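Remarks on the overall topology
The residues making up each chain are set out below.
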Amino acid sequence: QVQLVESGGGLVQPGGSLRLSCGASGIIFSIYTMSWYRQAPGKQREVVVGITSGGRTNYADSVKGRFTISRDNAKNMVYLQMNSLNPEDTAVYYCNAVQGPGPQGRYEYWGQGTQVTVSS
């Protein structure tokens, strides 16, 4: 059974920082591209940043220079360090794992989400 479990969300003041974590089980973590998505109230879910199995990253323009993704394959963990947060970053943040498409197909999994609220 595949599980992605996020943690680290909460309430933070504008300009503050948070670190999200996502632990994966049930998959060969090292071969998956891991991403963080977010969904604000009334808006579509959007990709924030992804990191490939090889460590290449791709950030949304809105978070470049403020957010940093990292992964620890030994611990099956992916992290999102979020700095200089502003109210527009308020959303539910989701962890995503994708592998493929390959000979066995494409596999995609989602976490349950963690709420990040930026407010004074």
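With respect to the sheet that holds strand 8 (residues 77-82)
The strand order across the open sheet formed by 4 strands is 1-3-8-7, and the pairing between neighbours is antiparallel. Two strands in the sheet have a free side with no partner beyond their single neighbour: strand 1 (3-7) and strand 7 (67-72). The mean inter-strand angle of the sheet, taken between neighbouring strand axes irrespective of direction, is 15 degrees. One ladder, built from 6 bridges, connects strand 7 with strand 8; its direction is antiparallel. Bridge assignment links F67 to a residue of strand 8, and that residue is M82.

Thoughts on the pattern of salt bridges
This model, assessed by the stated rule, comprises 5 salt bridges. Across the pair R38 and D89 runs a salt bridge whose closest N-O atoms are separated by 2.9 Å. One end of the pair, R38, is in strand 4 (residues 33-39); the other, D89, is in the loop between strand 8 and strand 9 (91-102), with 51 residues separating them in the sequence. Residue classification places D89 among the buried positions, given a relative accessible area of 1%. Across the pair R106 and E108 runs a salt bridge whose closest N-O atoms are separated by 3.0 Å. Overlapping salt bridges, with partners in common, bring together R38, E46, R66 and D89 in one network.

Regarding the state of the cysteines
Disulfide: a covalent bond formed between the sulfur atoms of two cysteine residues. Using the criterion set out here, one finds 1 disulfide in the structure. Disulfide pairing is shown between C22 and C95; the S-S distance is 2.1 Å. Disulfide C22 to C95: torsion about the S-S bond roughly -85 degrees, handedness left-handed. Placement of C22 in strand 3 (residues 18-25) and of C95 in strand 9 is noted, with a sequence separation of 73 residues between them. Note on accessibility: C22 and C95 belong to one class, buried.

Reading the values: rules and limits
- The numbering scheme is per chain: residues are counted from 1 as the chain's sequence reads.
- In keeping with the model being predicted, local features are shown solely for residues with a pLDDT of at least 70 and side-chain atom pairs are shown and tallied solely at 80 or more, while totals for entire chains, interfaces and linings include all residues.
- Excluded from the side-chain calculations are hydrogens and water; all other atoms, namely the structure's heavy atoms, are used.
- The pairing criterion for strands is at least two bridges between them, as found by DSSP.
- What counts as a helix is a DSSP run of H or I of at least four residues, what counts as a strand is a run of E of at least two, and both are numbered from the N terminus.
- Think of each axis as a best-fit line through the C-alpha atoms, taken over the contacting stretch in the case of a helix, with angles from 0 to 180 degrees between the N-to-C directions.
- Salt-bridge detection follows one rule: a side-chain nitrogen of Lys or Arg within 4 Å of a carboxyl oxygen of Asp or Glu.
- To sort residues, take the accessible area from a 1.4 Å probe on protein chains only and compare it with the maximum for the residue type: under 20% means buried, over 50% means exposed, and anything in between is partly exposed.
- Here, the term disulfide refers to a pair of cysteine sulfur atoms separated by no more than 2.5 Å.

Structural measurements only, silent on function.
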